[in-house]
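Residues per chain, in single letters:
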Amino acid sequence: MQHILITGGAGFIGSHVVRHFVKKYPGSTIVNADKLTYAGNLLNLTDIEQEKNYHFVKGDIVDGDFVFSLFEKHKPDTVIHLAAESHVDRSIANPMEFVHTNVLGTVNLLNAARHHWKDEPDNKRFYHISTDEVYGSLGDEGLFTEETPYDPRSPYSASKASSDHFVRAYWHTYGLPVVLSNCSNNYGPNQFPEKLIPLFINNIIQKKPLPVYGKGENVRDWLYVEDHAVAIDAIVRNGKPGETYNIGGHNEWKNIDLIRLLCKIMDEKLGREPGTSEGLITYVKDRAGHDLRYAIDASKVKDELGWVPSVTFEEGLSKTVDWYLANGEWLRQVTSGDYMQYYREQYEER
Ligand code: NAD
Ligand code: TYD
C-alpha cells in the first residue's frame, strides 16, 4: 500500500477513511478523487489538507478519461472506492443519477485498474465499499450473512448491487484482485443532514418538525463511522482477494426508539425542558418500498480479521451531537442553496 487512491474521500465516510489513512500511513501517498457533489465537502478535511502524503483531485468517476488519467498520473497500487450517490430518497426521486455514478463510475474504475495492473498484478487491491441494503429487507428475525442472496429493493440498493456484481465479475473473469465489504448504517460527524440522524439533529436545533416515515417501526443497525474506517483498514490489508466481509455494529434500533433517545440527549445538551424535542415528532407518509429491517452477522470479519466495533451507541451518539453543536458553520454552509430546494420537495410537498 504505497499509493492509495480513495474515491469519494470528501464525503461522510470517505473523509473519515482519508483522515485515518493519512495519519496512520505517513509513508504512503493518499490521493482523494472526488467530484464534490452536494454531499462532498473539502471542509471535512481541513485538519489534514496540508499533510505531505495527501493530495486532492477533483473529478467525476463517470468520466472514463478522467479515471484513466488518475491511474496514469498517480499509479495507485490500492483503490478504496467509496464514491457513490448514497441516499435512498434521492434514488427514488432520480434513479438515473445512481446508475451513472454507482454502476458506470465503478466499471470505469475497474477498467482502469485492469488496464494499469495487467503487467504487474502482484500486491494490488481494488476494494469496493458497499452496503447491507443489497440483501433486501429482513422480518423480525435473522441476520444478513455474506451468503444471503441479493434482493435489492430501492434504486439505490439496486445500483449498489449492480456495482458489486461487476466487481465480482472482474475477479472471476479477469482475476482482478478485488475485495468487498457490505456495511450497515453509519453515523457520526460530517454526515450530510439528509440522512436520519444528522437531519433530526439539525431539525431539533432549529425546532423544526421531525418527519418520521410511517410508524417509525423500521429497524436499522448503526455503526460509528470511525469504527467503519478501522474495519476498512483491516480488510484492505488482510482481506482475502475475491472475498466479501459484512460489517455491522451489533446495534439494532427501531427508528422511533432511536429518535426518542436522540431527543432526550439533545434536550439535555441544549438545556431544554425534558420532552421538548419529542414534541417535534411528526409522522409523515412512508417512504415508497421502505425496507423493514436490516441486521448484520459480522462474525466473519471478527473471526478472520479480529475487527469488532469499539464505540458504544450512547458514546457515539453523544460525540455526534457534540460535533454538530460545535460545527454550526459547517451545518449552515451545507444546508444553504440547493438543500432548501431538496427539503421542500422531499418533506413539504409530502
Ligand atoms: P456520501 O454521499 O456522504 O459521499 C459520497 C461522496 O462521493 C461525496 O464526496 C461525493 O462528492 C462523491 N461523489 C459522488 N458522485 C461522484 C462522482 N460521480 N465522481 C466522484 N465522486 C463522486 O456517502 P457516504 O455515506 O460517505 O457513503 C460512502 C460509500 O459507503 C458509498 O459507496 C455508500 O454506498 C457506502 N455505504 C454508506 C453507508 C452509510 O450509512 N452512509 C453504509 C454502508 C455503505
Ligand atoms: P436513512 O438515514 O435515509 O438510511 P437508510 O434508508 O439508508 O437506512 O434512514 C434511516 C431510517 O430512518 C429509515 O428507516 C428511514 C427513516 N427516516 C425517517 O423516518 N425520516 C426521515 O426523514 C429519514 C431521512 C429517514
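Summary of the structure given here.

Our next topic: the pattern of salt bridges. On inspection of all chains with the given rule, the structure shows 14 salt bridges. A salt bridge links E329 to R332, with the nearest nitrogen and oxygen atoms 3.4 Å apart. Here R332 and E329 lie together in helix α11 (residues 328-334), a separation of three residues that amounts to about one turn. Residue classification places R332 among the exposed residues on the basis of a relative accessible area of 54%.

Another aspect to go through is the packing of helix α6 (residues 196-205) against helix α12 (residues 338-348). In contact at an axis separation of 15 Å, α6 and α12 are set at 100° when each is read in the N-to-C sense. In this view, α6 runs roughly perpendicular relative to α12, as classed from their interaxial angle. Residue-level inspection shows L199, N202 and N203 of α6 in contact with α12, the latter providing Y339, Y343 and Y347. Classifying every residue of the contact of α6 with α12 gives four nonpolar, two polar and no charged.

Moving on: the site of ligand 1. Taken together, 29 residues are adjacent to ligand 1, and I13, D34, S86, Y156 and K160 come closest. In the model, an oxygen atom of ligand 1 is placed 3.1 Å from a nitrogen or oxygen of the F12 main chain. One of the side-chain nitrogen or oxygen atoms of T101 is found 3.3 Å away from a nitrogen atom of ligand 1. Protein contact buries 97% of the 830 Å² of open area that ligand 1 shows by itself. Contributing elements (two or more residues each) for the shell around ligand 1: α1 (12-24), β5 (125-131), α5 (155-174) and β7 (185-187). The greatest single-element share of the shell around ligand 1, amounting to three residues, is contributed by β5.

Turning our eyes to something else, we now look at the nonpolar core. If you look at the biggest cluster of nonpolar residues, it comprises 39 residues, and the most contacted ones within it are I6, V17, F21, I80, Y127 and I247. Mapped by element, the contributors of at least two residues to this core are β1 (3-7), α1, β5, β6 (178-183), α7 (225-238) and β10 (244-247). When near neighbours in sequence (up to four residues on either side) are disregarded, F21 contacts M1, I4, I30, I80, I232, D233 and V236. Ranked by size, the runner-up nonpolar core spans 35 residues in total, among them F192, I204, W330 and Y343.

Around ligand 2 sit 20 residues in total, of which E133, R220, R287, H290 and Y347 are the nearest. Between ligand 2 and N185 there is a distance of 2.9 Å, counted from an oxygen atom to a side-chain nitrogen or oxygen. P211 is positioned such that a nitrogen or oxygen atom in its backbone is 2.8 Å from a nitrogen atom of ligand 2. Protein burial of ligand 2: of its 510 Å² of free accessible surface, 98% is covered by the chains. Broken down by secondary-structure element, the contributors of at least two residues to the shell around ligand 2 are α3 (88-93), α6 and β8 (210-213). In the shell around ligand 2, the residues fall into nine nonpolar, five polar and six charged.

What follows covers the sheet that holds strand β11 (residues 252-254). Strands in a sheet are paired, the pairing made by backbone hydrogen bonds, and the direction either parallel or antiparallel. Strand order in the open sheet formed by three strands is β7-β9-β11, with mixed pairing between adjacent strands. Every other strand in the sheet has two partners, leaving β7 and β11 as the edge strands with one partner each. When strand polarity is set aside, the average angle formed by the axes of neighbouring strands in this sheet is 50°. Note: strand β9 (residues 219-224) against β11, three bridges, orientation antiparallel. Bridge pairing in β11 places V219 opposite K254.

Turning next to the packing of aromatic side chains. Using the criterion set out here, one finds 19 aromatic pairs in the structure. Here the aromatic rings of F98 and Y156 are separated by 6.3 Å at their centres, their planes lie at 80°, and the arrangement is edge-to-face. One end of the pair, F98, is in helix α4 (residues 95-117); the other, Y156, is in helix α5, and 58 residues separate them in sequence. For Y156, a relative accessible area of 8% puts it in the buried group. Three or more aromatic residues joined by ring pairs form one cluster here, namely Y38, F192, Y213, Y339, Y342, Y343 and Y347.

Analysis parameters
Residues numbered from 1 in each chain as written. Chains lettered and ligands numbered in written order. Predicted model: local features only at pLDDT ≥ 70, side-chain atom pairs only at ≥ 80, totals over all residues. Heavy atoms only, no water. Salt bridge = Lys/Arg side-chain N within 4 Å of Asp/Glu carboxyl O. Helix = DSSP H or I, 4+ residues; strand = E, 2+ residues; numbered from the N terminus. Buried < 20%, exposed > 50% of the residue type's maximum accessible area, 1.4 Å probe, protein only. Axes fitted to C-alpha atoms, helices over the stretch in contact; angles between N-to-C directions. Parallel < 35°, antiparallel > 145°, perpendicular 65-115°, else oblique. Contact = heavy atoms within 4.5 Å. Nonpolar A, V, L, I, M, F, W, Y, C, P; charged D, E, K, R; others polar. Near = heavy atom within 4 Å. Polar contact = N/O pair within 3.5 Å; in protein donor to acceptor, adjacent residues only side chain to side chain. Areas by Shrake-Rupley, 256 points an atom, 1.4 Å probe, with all protein chains shown as cover. Core = buried A, V, L, I, M, F, W, Y, C linked by side-chain atoms within 4.5 Å. Pairing = 2+ DSSP bridges. Phe/Tyr/Trp six-rings, centres within 6.5 Å; stacked < 30°, edge-to-face > 60°.

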